[in-house]
Amino acid sequence: MFSFATVPVKFVGLFVLYLWCTAWSIYEMTRPQSWRQRVSNGLHLVMAVVMLLMVAGPTWMTLIKIIPIWVLAGFFAASVVWFAWLAVRAFVAAQRSSGWHFVGHATMFAAMAWHVAAMAVMRPLKMAAQSGQADAGGMNPMMAAQQPGGVLWWFAVVGVPLMAYLLVASVHALRQALAPATPVATASDCCGGTCTCGADCTCDLPHPVLDPVGTTEGTLALATAARVETAPSCHEVRPVGSPKFRMAALSDFAMNFGMFWMSTGILVPLLPFFALLSF
């Protein structure tokens, strides 16, 4: 949790990023989708709301008074299992791109579970430090836990691969948001042999239709000559470069980069220069 008085840029930046995540996650819940997609989108919405409430101290403290912090950590750990199951299911069905899509979500939720668990461990240590407790060497519990071999130091070690994933995923999402759109096919483009332009094709040739919600069970085919997301995922199928595709990518960026930026403080015991990212 942060305050505008101490870290104004980080406070406002995280608030804007998570507000966008929450708004887009609510939109995703309104779209036609399979029950698996609805569960996945529901988990994304919960995470976005929790991260939004985590930015400011008052909202975060209110949340953990209602839902204990270790319950939240357990919820996100269970979400990792859900996405891992979807990933295994996709790999078994030889849907490699879908499998890696769900592996990414499982890793993101693992990072969230790690972050909340670290906060749960930090809380009593901070309270002990504020009360003036110290060990035999005069070091307060918070500082002692950050030393090599301490519990917070180990949390930082575990977090390195998770933070690396969040940063790579942020760059990937930003590249997707800026990806050029491919022109949509016209009737003349698709009537020269095998028609693949979807239900709007004006020629008399057979034309496959793209499953409207991109479910795992649905038959996925190319609806236009534009590049289209054809692998089962958490959301409806969208042509690459379309406005909805870009907005979804920006939401992915906001969620991954926001979590990375919010979690930099946890890595300070291992990487002290990360403290410079709080301003």
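Residues numbered from 1 in each chain as written. Predicted model: local features only at pLDDT ≥ 70, side-chain atom pairs only at ≥ 80, totals over all residues. Heavy atoms only, no water.

It is worth spelling out the overall build of the protein at this point. On a plain count of helices and strands, the protein comes out with 9 helices and 0 strands. Moving toward the C terminus, one meets the helices and strands of the protein in the order α-α-α-α-α-α-α-α-α. Within the protein, the fraction of its 279 residues that count as buried is 47%. If you take every contact in the protein between residues at least 6 apart in sequence, the share linking residues at least 24 apart comes to 66%. Roughly 13700 Å² of accessible area belongs to the protein as shown, and the carbon and sulfur atoms make up 72% of that amount. (Helix = DSSP H or I, 4+ residues; strand = E, 2+ residues; numbered from the N terminus. Buried < 20%, exposed > 50% of the residue type's maximum accessible area, 1.4 Å probe, protein only. Contact = heavy atoms within 4.5 Å. Areas by Shrake-Rupley, 256 points an atom, 1.4 Å probe, with all protein chains shown as cover.)

All right, on to a nonpolar patch on the surface then. On the surface, a nonpolar cluster with roughly 450 Å² of combined accessible area is contributed by Phe4, Val12, Phe15, Val16 and Leu19. Checked against the element boundaries, Leu19 lands in helix α1 (residues 8-29). (Patch = residues over 30% accessible without salt bridge, like charges linked within 9 Å, V, L, I, M, F, W, Y side chains within 5 Å. Salt bridge = Lys/Arg side-chain N within 4 Å of Asp/Glu carboxyl O.)

When you line up the elements, Ser79 lands in helix α4 (residues 69-92). On the basis of relative accessibility, which here comes to 2%, the residue Ser79 falls in the buried class. Those residues in contact with Ser79, other than ones at most four positions away along the chain, are Leu43 and Phe109.

Looking now at the pattern of salt bridges. Summed over all chains, the structure comprises 1 salt bridge. In this structure, Arg238 and Glu28 form a salt bridge, with 2.7 Å as the shortest nitrogen-oxygen distance. On the criterion of sequence distance, the pair formed by Arg238 in the loop between α8 (187-190) and α9 (243-263) and Glu28 in helix α1 is long-range, its members being 210 residues apart.

Right, let's get into empty space enclosed by the protein. Considering all chains together, one arrives at 2 cavities of 30 Å³ or more under this definition. Each pocket or cavity is described by its volume, and for the largest cavity that value is around 180 Å³. Around the largest cavity, the lining is made up of 13 residues, and of these Trp24, Glu28, Asn41, His44 and Asp252 lie nearest the centre. The set of elements that each furnish at least two residues to the lining of the largest cavity consists of α1, α2 (35-55), α5 (96-130) and α9. Counted by class, the lining of the largest cavity contains 4 nonpolar, 7 polar and 2 charged residues. (1 Å grid on protein atoms, 1.4 Å probe; cavity = no way out; pocket = protein on both sides within 12 Å on 5 of 7 lines; lining within 4 Å. Points joined across faces, edges and corners; volume = space filled by probe spheres on them. Nonpolar A, V, L, I, M, F, W, Y, C, P; charged D, E, K, R; others polar.)

This next bit is on the packing of aromatic side chains. Within the structure shown, the criterion is met by 16 aromatic pairs. Taken together, a centroid distance of 4.8 Å and an interplanar angle of 85° make the contact between Trp153 and Trp154 edge-to-face. Of the residues examined, Trp153 reaches a relative accessible area of 19% and is grouped as buried. The interplanar angle of 80° and the centroid separation of 5.0 Å between the aromatic rings of Phe273 and Phe274 together place this pair among those described as edge-to-face. (Phe/Tyr/Trp six-rings, centres within 6.5 Å; stacked < 30°, edge-to-face > 60°.)

We now examine the confidence of the model for the protein. The predicted model of the protein has a mean per-residue pLDDT of 84, with 80% of residues at 70 or higher. Considering only residues more than four positions removed or in separate chains, one finds that residues 186-196, a stretch of pLDDT under 50, has 20 contacts. Confidence drops under pLDDT 50 across residues 198-230; counting only partners more than four residues distant or on other chains, this segment forms 80 contacts. (pLDDT = per-residue confidence, 0-100.)

Within the secondary structure, His105 sits in helix α5. The residues contacting His105, other than those within four sequence positions of it, are His44, Phe83, Tyr165 and Cys234.

Contact geometry of α2 with α4 gives a least axis separation of 11 Å together with a crossing angle of 145°. Crossing handedness for the pair α2 and α4: left-handed. The residues of α4 that touch α2, namely those facing Trp35, Arg36, Val39, Ser40, Leu43, His44, Val46, Met47 and Val50, are Leu72, Phe75, Phe76, Ser79, Trp82, Phe83, Trp85, Leu86 and Arg89. (Axes fitted to C-alpha atoms, helices over the stretch in contact; angles between N-to-C directions. Left-handed = near helix turned anticlockwise from the far one by under 90°.)

Below, the discussion takes up the layout of surface pockets. Here the second largest pocket defines a volume of roughly 570 Å³. What lines the second largest pocket is a set of 23 residues, among which Met1, Phe2, Met119, Met122 and Lys126 lie closest to the centre. Listing elements by their share of the lining of the second largest pocket, those giving two or more residues are α3 (57-66), α5 and α6 (141-146). At 7 residues, the largest contribution of residues to the lining of the second largest pocket is made by α5.

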